[in-house]
Amino acid sequence: MGTASKWLNKAVNGLRSFAYADEGERPKIGLALGGGFARGIAHIGVLRVLEEHEIPIDFIAGTSVGALIASTYASGTSLNDMQRQGSQTSFHDFGRWTLSRMGMANNERLEMFFHKFTPAKYFSDMKIPLSIVAADLITGESIHFTDGEIAPALRASCAYPGLFLPVEYQGRILVDGFLTETVPAEAARDLGAELVIGVHLEPGLLKSAPRNTIEVISRSFSILQTAAAQLWHKDTDILIEPDVHHVLWDEFAKTPQLVAAGEAAAYAALPQIKAALAGSFERHPSLGTPGSRTHTSRRS
């Protein structure tokens, strides 16, 4: 799909989300889950509130840990099972330290970790249409995986630069999708979403000194992301931001607090979401006009 036609498709999808009051239809909803290591467990709380209030999810996209949560949920895994596993997770479940010039660990174990939840192997096995976002380290493009095997796309999306080795797949050298789409709103829009709910996990800047090289890298990227223009806002209609900035990258033991933070943030956004479904939604001006930008991305 050419850049011009992709732009037109996103613009139409974005504008259609405001036209449903008269037609008696609801917009197709896409959920875009951002990255954040252990902080990603907050996504479970967001999903729980959406389920409890019967908010439909027609499409789901994920970056980094958001890709793991998105693919697991799209496979049909229950949120209780996801939360139970989250509290038991450690770095060694998905990473193995290694000596390499390209990183400090590989994430091959992530494939086995994913299959703790589901035997699903392909995107076609998903119960909800899924997009996984990774970044091409050579071209700087955002790559949207929507078919084929899930495991290599998931590993690529979670290959945090400097920590995990890049993943070579389909002739590309791929790293964590947060570099190009901190929140994969564009990926959700490309799937066909007319209303995009984005979940952003703000890392914040902790007051304590970094404990190790990983935290130096992580905080450096956090500073860059905070200072840079957040282009994904343009494709986001409703933004949910759980208060998880105080949680370190590996604090999986804080699963109950993280889930609670996700629930609280989702509850706060419910009036806006329900207004959108009723056709009376007004997009916050700070988020810009949906589909109003052209971004370098490819679908794979």
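Parameters and conventions
- Residues numbered from 1 in each chain as written.
- Predicted model: local features only at pLDDT ≥ 70, side-chain atom pairs only at ≥ 80, totals over all residues.
- Heavy atoms only, no water.
- Buried < 20%, exposed > 50% of the residue type's maximum accessible area, 1.4 Å probe, protein only.
- Helix = DSSP H or I, 4+ residues; strand = E, 2+ residues; numbered from the N terminus.
- Pairing = 2+ DSSP bridges.
- Polar contact = N/O pair within 3.5 Å; in protein donor to acceptor, adjacent residues only side chain to side chain.
- Contact = heavy atoms within 4.5 Å.
- Salt bridge = Lys/Arg side-chain N within 4 Å of Asp/Glu carboxyl O.

What follows covers the pairing of strand S9 (residues 195-199). In regular strands, side chains alternate between the two faces of the sheet. When you tally the buried positions in S9, you get five out of five residues, the bulk of the element. Going residue by residue along S9, you find Leu195, Ile197 and Val199 tucked away on one face and Val196 and Gly198 tucked away on the opposite face as well. Of the strand pairs in this sheet, strand S1 (residues 29-33) and S9 are connected by five bridges, and their pairing is parallel. Its bridge partner being in S9, Leu31 is matched across the sheet by Ile197. Where S9 and strand S10 (residues 238-240) come together, three bridges link them in parallel fashion.

If you trace the backbone, Thr118 turns up in the loop between helix H6 (109-114) and strand S5 (130-136). Residue Thr118 is classed as buried on the basis of its relative accessible area of 6%. A distance of 3.0 Å separates a polar atom in the side chain of Thr118 from the backbone nitrogen of Ala120. Once you skip the residues sitting within four places of it in the chain, Thr118 turns out to touch Ser75 and Thr77.

This part is about the pattern of salt bridges. If you walk through the whole model with that rule in mind, you get eight salt bridges. Of the charged contacts, one joins Asp81 and Arg84 as a salt bridge, the two residues approaching to 2.6 Å between their closest N and O atoms. Pair noted here: Asp81 and Arg84 are both in helix H5 (residues 79-88), with a separation of three residues, about one helical turn. Given a relative accessible area of 35%, Asp81 falls into the partly exposed group. Arg189 serves as the salt-bridge partner of Asp237, at 3.0 Å between the closest nitrogen and oxygen. One end of the pair, Asp237, is in the loop between helix H9 (213-227) and S10; the other, Arg189, is in helix H8 (residues 185-191), and 48 residues separate them in sequence. In this pair, the class of Asp237 matches that of Arg189, namely buried. Three or more residues joined by partner-sharing salt bridges are found here, namely Asp136, Glu141 and Arg172.

Such coordinate-based values are descriptive only and should not be taken to indicate function.
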